[in-house]
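Residue-level structure breakdown
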Amino acid sequence: MHNLPLIATRPPRLSEMPEALRAVEDGGIYSNGGPVVRRFEAALVEQCFGGEGACLAIANATLGLMLAIRQARTGRSGRYALMPAFTFAAAAHAAIWAGLTPLLCDVDPNDWATSAAAEEALLAHYGEQIAVIVPYDVFNTGLSLSRYSDYAQRYGVGVVMDAAASLGGLDAEGRGYGTGAPFASVYSMHATKPFAVGEGGVIYSADKDLIAQLRNMHNFGFGAPRMATELGMNAKLPEVLGILAEAKLAEIQQVATHRAALAATYRAALPDFTFQTVHGRRQVSQFMPLLLPAYADREAVMATLAAQGIGSGKYFSPHLAQQPFFQQSCVIEPTPVSDRIGAQILSLPISDVMTAADVATIADALQSACRTPIHAQAKASRIHQTLLVGGGPAGTAMLISAAKQDCLAELAQGLVIVEGSARLGGGQLGGYAITSDSTAETFLSAVKDNPHPEIAALMTHPGATDIARYIGALGVPLARTGPFLDAMGERVAQVVRNNGGTILTSHRVVESRRTPNGLWKSTVRDTVNGTEHEILSHNLVLATGGYQSPTEVAAAHVAGMSLGERAGDRLILSDDALRLGGIDALCERLADIRAPRIAVIGASTSALATATLLLKSAIPLGASALTLLHREALRPFYHSPEAARADGFTDFGPDDICPVSGFVYRLAGFRLEARELILRILGVGGRTADPRLNTHRITGDDDATAAATLDNADIVIGALGYRPHALPLFAADGGRIPLGAHAPGRPRLVDQQCRVMDIDGHPVPGAYGIGLAAGFVPSGRLGGEKSFKGKANGLWLWQNDVGQLIVGQLLDQRAQVAA
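Here is what the cut-offs are and how they apply
Each chain has its residues counted from 1, running along the sequence as written. Totals for whole chains, interfaces and linings use all residues, but because this is a predicted model, local features are given only for residues with pLDDT of at least 70 and pairs of side-chain atoms are given and counted only at 80 or more. Water and hydrogen atoms were dropped before computing side-chain values, which therefore reflect all heavy atoms in the structure. Axis lines are fitted through C-alpha atoms, for helices just across the contact stretch, and the angle between N-to-C directions can take any value from 0 to 180 degrees. The secondary structure listing takes helices from DSSP runs of H or I that are at least 4 residues long and strands from runs of E that are at least 2 residues long, numbered from the N terminus. Angles are sorted into four bins: roughly parallel if under 35 degrees, roughly antiparallel if over 145, roughly perpendicular if 65 to 115, and oblique for all others. Crossing handedness is read from the near helix: turned anticlockwise from the far helix by less than a right angle, it gives a left-handed crossing, and turned clockwise, a right-handed one. Note on definitions: a residue-residue contact is assigned when non-hydrogen atoms from the two residues lie within 4.5 Å. Under the grouping applied here, Gly and all other residues not named as nonpolar or charged are polar, the nonpolar ones being Ala, Val, Leu, Ile, Met, Phe, Trp, Tyr, Cys and Pro and the charged ones Asp, Glu, Lys and Arg. Each helix should span, by expectation, one fewer than its residue count multiplied by 1.5 Å. For every residue, the accessible area obtained with a 1.4 Å probe (protein chains only) is divided by the maximum for its type, and the residue is called buried under 20%, exposed over 50%, and partly exposed between those limits. Between any two strands, at least two bridges found by DSSP are needed for them to pair. Paired rings are identified among Phe, Tyr and Trp, the last through its six-membered ring, by centres lying within 6.5 Å, and are further divided according to the angle between planes into stacked (under 30 degrees), edge-to-face (over 60) and tilted (the rest). The criterion is simple. A nonpolar core is a set of buried Ala, Val, Leu, Ile, Met, Phe, Trp, Tyr and Cys residues joined through side-chain atoms within 4.5 Å. In this description, the term disulfide denotes a pair of cysteine sulfurs within 2.5 Å. pLDDT expresses, on a scale from 0 to 100, how confident the predictor is about each individual residue. Each reported salt bridge corresponds to a side-chain nitrogen of Lys or Arg within 4 Å of a carboxyl oxygen of Asp or Glu.

Running from N to C, helix H5 (residues 116-126) and helix H6 (residues 146-155) cross one another at 10°; their axes reach a closest spacing of 12 Å. Classified by the angle their axes make, H5 and H6 are roughly parallel. The two elements H5 and H6 cross, and the hand of that crossing is right-handed. Contacts between H5 and H6 pair Ala116, Glu119, Glu120, Leu123 and Ala124 from the former with Arg147, Tyr148, Tyr151, Arg154 and Tyr155 from the latter. Of the residues in the contact of H5 with H6, the class split is six nonpolar, no polar and four charged.

This brings us to helix H24 (residues 605-616). Since there are 3.6 residues in each turn of an α-helix, residues three or four apart along the chain are aligned in direction. Between the first and last C-alpha of H24 there are 17 Å, a value that for 12 residues agrees with the 16 Å anticipated at 1.5 Å per step. Within the span of H24, buried status applies to Ser606, Ala607, Leu608, Ala609, Thr610, Ala611, Thr612, Leu613, Leu614 and Leu615.

Time to look at the packing of helix H3 (residues 61-72) against helix H4 (residues 89-97). The relative placement of two packed helices comes down to the angle between their axes together with the axis-to-axis distance. Contact pair H3 / H4: the axes reach a minimum separation of 8 Å and the direction vectors enclose 45°. What the angle tells us is that H3 and H4 run oblique. Crossing angle aside, the handedness with which H3 passes H4 is right-handed. Taken together, the residues of H4 that come into contact with H3 (itself represented by Thr62, Leu65, Met66 and Ile69) are Ala90, Ala91, Ala94, Ala95 and Trp97.

Turning our attention to the pairing of strand S14 (residues 383-389). Along S14, six of the seven residues are buried, which leaves the element largely enclosed by surrounding structure. When S14 meets strand S19 (residues 532-542), the two strands line up parallel, connected through six bridges. Bridging across to S19, His384 finds its partner in Ser537. One ladder, built from four bridges, connects S14 with strand S15 (residues 415-419); its direction is parallel. Across the sheet, residue Val389 finds its bridge partner in S15, namely Val418.

Spatial ordering of the open sheet is given by S23-S27-S24-S25-S26, a layout of five strands whose pairing is parallel. A strand with exactly one partner marks an edge of an open sheet, and here the two such strands are strand S23 (571-573) and strand S26 (693-697). Averaged over all pairs of adjacent strands, the angle between strand axes in this sheet comes to 25°, irrespective of strand direction. Across three bridges, the pairing between S23 and strand S27 (residues 715-718) is parallel. Across the sheet, the residue bridging to Leu573 is Gly718, located in S27. Packing of helix H27 (residues 704-712) onto the sheet brings it into contact with strand S24 (598-601), strand S25 (626-630), S26 and S27, and relative to S25 it is tilted by some 135°.

All right, on to the side chain of Ser312 then. In this fold, Ser312 is placed in the loop between helix H9 (298-307) and helix H10 (324-329). What makes Ser312 buried here is its relative accessible area of 18%. Contacts of Ser312, omitting those with residues within four sequence positions, involve Leu6, Met302, Leu305, Leu346 and Ser347.

Counted under the stated rule, the structure contains 21 aromatic pairs. Ring centres 5.6 Å apart and planes at 15° place the aromatic pair Phe139 and Phe316 in the stacked group. Linking Phe139 in the loop between strand S4 (130-133) and H6 with Phe316 in the loop between H9 and H10, this pair joins segments that are 177 residues apart in sequence. Phe139 sits in the buried class, given a relative accessible area of 5%. Between Phe287 and Tyr315, the ring centres sit 5.0 Å apart and the planes meet at 15°, which makes this aromatic pair stacked. Of this pair, Phe287 sits in the loop between strand S10 (274-275) and strand S11 (288-291) while Tyr315 is found in the loop between H9 and H10, placing the two residues 28 residues apart along the sequence.

Counting 77 residues, the largest nonpolar core has Met398, Leu399, Leu408, Leu411, Phe484, Met488 and Ile770 as the members making the most contacts within it. Not counting the four nearest positions on each side in its chain, Phe484 is found in contact with Phe443, Leu444, Val447, Leu458, Gly463, Ala464 and Ile467. Counting residues in hydrophobic clusters, the runner-up holds 58 residues, among them Leu44, Cys48, Trp112 and Ala181.

In space, the eight strands of this open sheet follow the order S1-S7-S6-S5-S4-S2-S3-S12, with mixed pairing throughout. Each edge of the open sheet is held by one strand with a lone partner, namely strand S1 (54-58) and strand S12 (331-332). Bridge analysis of S4 against strand S5 (residues 158-162) gives two bridges, and the strand direction is parallel. When the sheet's bridge partners are listed, Ile133 is paired in S5 with Val159. Packed on one face of the sheet, H3 meets S1, S4, S5, strand S6 (184-188) and strand S7 (201-205) and runs near 170° to S6.

What follows is about the state of the cysteines. Following the criterion strictly, the structure yields zero disulfides and no others. As a non-bridged cysteine, Cys48 has Cys55 as the owner of its nearest cysteine sulfur, 9.0 Å distant. Take Cys754: it sits in no disulfide, and the sulfur closest to it among the cysteines is that of Cys407, at 15 Å.

Here the focus is the confidence of the model for the protein chain. Scored by pLDDT, the protein chain comes out at a mean of 91, with 95% of its residues at no less than 70. Contacts for the low-pLDDT stretch residues 28-32, under 50 throughout, to residues beyond four places or in other chains number 14 contacts. Contacts for the low-pLDDT stretch residues 373-380, under 50 throughout, to residues beyond four places or in other chains number 13 contacts.

Glancing now at the pattern of salt bridges. For the structure shown, the criterion picks out 28 salt bridges. A salt bridge links Arg154 to Glu120; the shortest N-O distance between them is 2.5 Å. Residue Arg154 is found in helix H6, and its partner Glu120 is found in helix H5; the two are separated by 34 residues along the sequence. Notably, a salt bridge pairs Asp466 with Arg469, separated by 2.6 Å at the nearest N-O pair. Taking relative accessible area as the criterion, Asp466 reaches 15% and is therefore assigned buried. Among the residues examined, Arg469 registers a relative accessible area of 54% and is labelled exposed.

A cis geometry characterises the amide bond from Tyr315 onward to Phe316, with omega recorded as 5°. Residue Pro318 is reached from Ser317 by a cis peptide bond, and omega for that bond is 5°. Its place among the elements puts Pro318 in the loop between H9 and H10. Not every positive phi belongs to a glycine, and Tyr665 is a case in point at roughly 50°. Among the structural elements, Tyr665 can be located in the loop between helix H25 (641-646) and helix H26 (672-682).

It is a general feature of regular strands that their side chains alternate between the two faces of the sheet. Note: strand S17 (residues 507-514) against strand S18 (residues 520-526), seven bridges, orientation antiparallel. The residue of S18 that forms the bridge with His507 is Asp526. Count of turn residues in the S17/S18 antiparallel hairpin: five residues, of which Gly518 carries a positive phi of about 85°. Bridge count between S17 and strand S29 (residues 729-730): two bridges; the pairing is parallel. Paired with Ser512 across the two strands is Leu729, which belongs to S29.

Another point: the environment of Ala306. For Ala306, the location among the structural elements is in helix H9. Since its relative accessible area comes to 47%, Ala306 is described here as partly exposed. Sequence-wise, Ala306 and Glu52 are 254 residues apart; in three dimensions their C-alpha atoms are separated by 44 Å.

What follows concerns the environment of Ala726. Mapped onto the secondary structure, Ala726 falls in the loop between strand S28 (723-724) and S29. Using a relative accessible area of 21% as the deciding quantity, one classes Ala726 as partly exposed. Along the backbone, Ala726 and Gly740 are 14 residues apart, and their C-alpha atoms lie at a distance of 9.3 Å.

Structure follows, in structure tokens:
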């Protein structure tokens, strides 16, 4: 059994310092830094910062951050403090205490400090709304100081460097880290840090006037004797800790050199592990952080090390964006790199008393822990229960359906979610300019009274409050749904992780192959660094969404000719028109046409949404300037036959009524905003049609009216539905499985049990599908009118019947495997 704790610093002992004991006996606490503290400050500037600038000793580093951030925001109107998600809680708390909202961004995959690209993008996007930027010199990597001086010049932003563990480190030029920086750098002297005193901190800056102002602020704002002239607090370092700090300063160079040597020994002993990139000439290591292989079970590794007397940790996991308080109080940008680093990081011991032999012992123990049978099996063949491909609206909706039935925790065991974007939730929905075909109540029903408290609490989330404004309206603007759906995705991900599941954001499944023993072997690519690994699972759930194929739309035969041949470059996709900025692009394209004419082809929801959006636009449409060409009849939804007849609509029969709900055209009928347009087109209940809109039902290839409409249109918009994104699937013999999604005409990915179908209509074992264009048609106990021949999509279906149908099969299959 070894005795190698993770943190083993040695603060100086008072018993060895009679002068310190006399200071205590004499009550040596001075109002504005006593002589011992001031002497330490001067010595520190000389020894660690080359005599340049000044420093201020403080009671602890968190108070130092609070002071420095509060000072840096002075004179700035912004409300955000930009900082990395991968940092300690003190930074975010300090910003909040200083009256700012933390804006959390992602980090660099190599040095684990704030991503320069993310900083630049957010500074450009938020502009003056960002008052202060608080970078963190992660584990004393030696983060560039000139970069932040440049930001201060270009963006007028205040800068406070969180250098908590960097006192004693050297920058790339060999100077003490922070030397020459015109802004405040805050260091910790906590017992866990290399410069271990017990408690305390230091603020350094090359700007002596800045330190003078902070000195007043840390002493009750006393700018004159016993007189507050500015905002202040009590953050003074006691004299007794000044004595200890002086003693530590005397040995810090030896301590730093020794720790740097241990770190170098670790790197040499563990060549197969991923270490942080270091920019400084000497890193003063608090501990030795590294990334475990993706297959490793960190908790099991830590337990194995602990059983041998070796301490370990996982700083910073969970990172700030994963902690409940900060999820509620911060603005959080996508953090895929922080997520990955946080999931794999392991911190190993470095101490003042360790030797190179101790490092060798720890390295051998770690390698052995990762080679234990459980990890060897995990590396080669860890078998998961289910791989969910896609964590957008449909994938998240399936998980919500499980949460509503209080079985998400069970489903999460052995679940891996792979999502190409940086987070689960809204996917691309927020990028569309139209209103939803789901009500505000449907969106909110996902979280209202949810059995999981963290999900149910979203009813008070600002995104939910925004959506609630549209209760009773004709849908919710999709551009307003993103914050709510992303927050819901994060809470669902939290439940999944807490119950043993795995979330891989910024990853993409390349293909899945059936193994001879009936499993799925999926190749997964990290879109950040391009690396690939394989995942074995019993089941696949494809929630990969749909797309409009330009080739297929151009090849569509309408009025005796393909659209591409007839319309040429006048043909655009409805998906392009419906996205944010799509109508603006059309306006620019039609700007020189005095009386533009537009033809929309299709009878889908996207066709009606396109027509609605065009009628709302600034495009100068005259009488009958917009024509909707369609083959299928346009039908409105009604809650009952009685309601339809009372409104004057009678064009339905028994086969058009859902036997379960009693709804008229439950699946085929348009709802909300599209329904209102249909009712006006049909003149139901005395409604008047918009004179700018003309409709024409195509009769066949010889339809001269349809041909003339297309020929005379300045723009032709193809709204012919969506084709499912189908993941390449391969059989055990290596041959590709042709799927129903690849069939011409009306492709369907799934059958009535949501099982993925091959091109002959046979279910592919262990593969399920959900979402846009999947082609699911409810039947039996799920209801739906007999006359319906299209595809059923909708958030309510995914969060309820369809999601539960898949979840039930997955849990039944798990029970069978267990049995």
